[in-house]
Amino acid sequence: MESLLAVLVSPPVIDLILLAVLAEGAGLLVLYRVSGRGIPPGVLLPNLVAGGCLFLALRLVLSDAAVYWVALTLVVALIAHLTELVLRWQR
């Protein structure tokens, strides 16, 4: 029997997490557009991009992708994270 860690850190599970991040983002954006309540898209998107890129980097590592693709996703995650910090710092 596979260990729980092996199951949780498998490409299909990471794919489901990435889909959940996309669904969460879409739902929050729709909520904001319809009701005006929630997190403004300019603040929400950098957070979702940063988290999504980290999961994508993990997915690429688990799939034995070339190291430059992993590095690229990590750089994009860093840029998104720094963008979010700048947006929050100004408040």
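Report follows, based on the coordinates. (Residues numbered from 1 in each chain as written. Predicted model: local features only at pLDDT ≥ 70, side-chain atom pairs only at ≥ 80, totals over all residues. Heavy atoms only, no water.)

**Let's talk about the overall build of the chain**
Right, on to step 1. Counting secondary structure elements, the chain contains four helices and zero strands.
Right, on to step 2. In terms of C-alpha radius of gyration, the chain reaches 15 Å, well past the compact-globule figure of 12 Å for 91 residues.
Right, on to step 3. C-alpha atoms of the chain, sized along the principal axes, occupy 45 × 25 × 15 Å.
Right, on to step 4. Within the chain, buried positions represent 21% of all 91 residues.
Right, on to step 5. By sequence separation, contacts in the chain at least 24 residues apart represent 56% of the contacts at least 6 residues apart.
Right, on to step 6. For the chain, the exposed surface amounts to about 6,500 Å²; the carbon and sulfur share of it is 74%.
Right, on to step 7. Between the averaged position of the 5 positive side-chain charges in the chain and that of its 5 negative side-chain charges there is a distance of 19 Å. (Helix = DSSP H or I, 4+ residues; strand = E, 2+ residues; numbered from the N terminus. Rg over C-alpha atoms; globule rule 2.2 N^0.38 Å. Buried < 20%, exposed > 50% of the residue type's maximum accessible area, 1.4 Å probe, protein only. Contact = heavy atoms within 4.5 Å. Areas by Shrake-Rupley, 256 points an atom, 1.4 Å probe, with all protein chains shown as cover. Lys, Arg positive; Asp, Glu negative; His and termini not counted. Charge placed at Lys NZ, Arg CZ, Asp CG, Glu CD.)

**Re the packing of helix α2 (residues 11–35) against helix α3 (residues 41–62)**
Right, on to step 1. Remark: α2 packs on α3, axes separated minimally by 9 Å, with the N-to-C direction vectors making an angle of 170°. Accordingly, the angle class assigned to the pair α2 and α3 is roughly antiparallel. Here Pro 11, Ile 14, Asp 15, Ile 17, Leu 18, Val 21, Glu 24, Gly 25, Leu 28, Leu 29 and Tyr 32 of α2 come into contact with α3, specifically with Pro 41, Leu 44, Leu 45, Leu 48, Gly 52, Phe 55, Leu 56, Leu 58, Arg 59 and Leu 62.
Right, on to step 2. In the contact of α2 with α3, the residues fall into 16 nonpolar, two polar and three charged. (Axes fitted to C-alpha atoms, helices over the stretch in contact; angles between N-to-C directions. Parallel < 35°, antiparallel > 145°, perpendicular 65-115°, else oblique. Nonpolar A, V, L, I, M, F, W, Y, C, P; charged D, E, K, R; others polar.)

**A short note on unusual backbone geometry**
Right, on to step 1. One non-glycine residue, Asp 64, lies in positive phi territory at about 60°.
Right, on to step 2. Tracing the backbone shows Asp 64 in the loop between α3 and α4 (67–89).
Right, on to step 3. Its relative accessible area of 69% is what places Asp 64 among the exposed residues.

**Examining the pattern of salt bridges**
Right, on to step 1. Throughout the structure, instances matching the rule amount to two salt bridges.
Right, on to step 2. Residue Arg 59 is joined to Asp 15 by a salt bridge in which the shortest nitrogen-to-oxygen separation is 2.6 Å. Taken together, the positions of Arg 59 in helix α3 and Asp 15 in helix α2 put the pair 44 residues apart, joining distant regions of the chain.
Right, on to step 3. Residue Arg 59 is classed as partly exposed on the basis of its relative accessible area of 22%.
Right, on to step 4. Of the charged contacts, one joins Arg 88 and Glu 84 as a salt bridge, the two residues approaching to 2.9 Å between their closest N and O atoms. In this pair, Arg 88 and Glu 84 both sit in helix α4, four residues apart, roughly one turn of the helix. (Salt bridge = Lys/Arg side-chain N within 4 Å of Asp/Glu carboxyl O.)

Geometric values such as these leave the question of function open.
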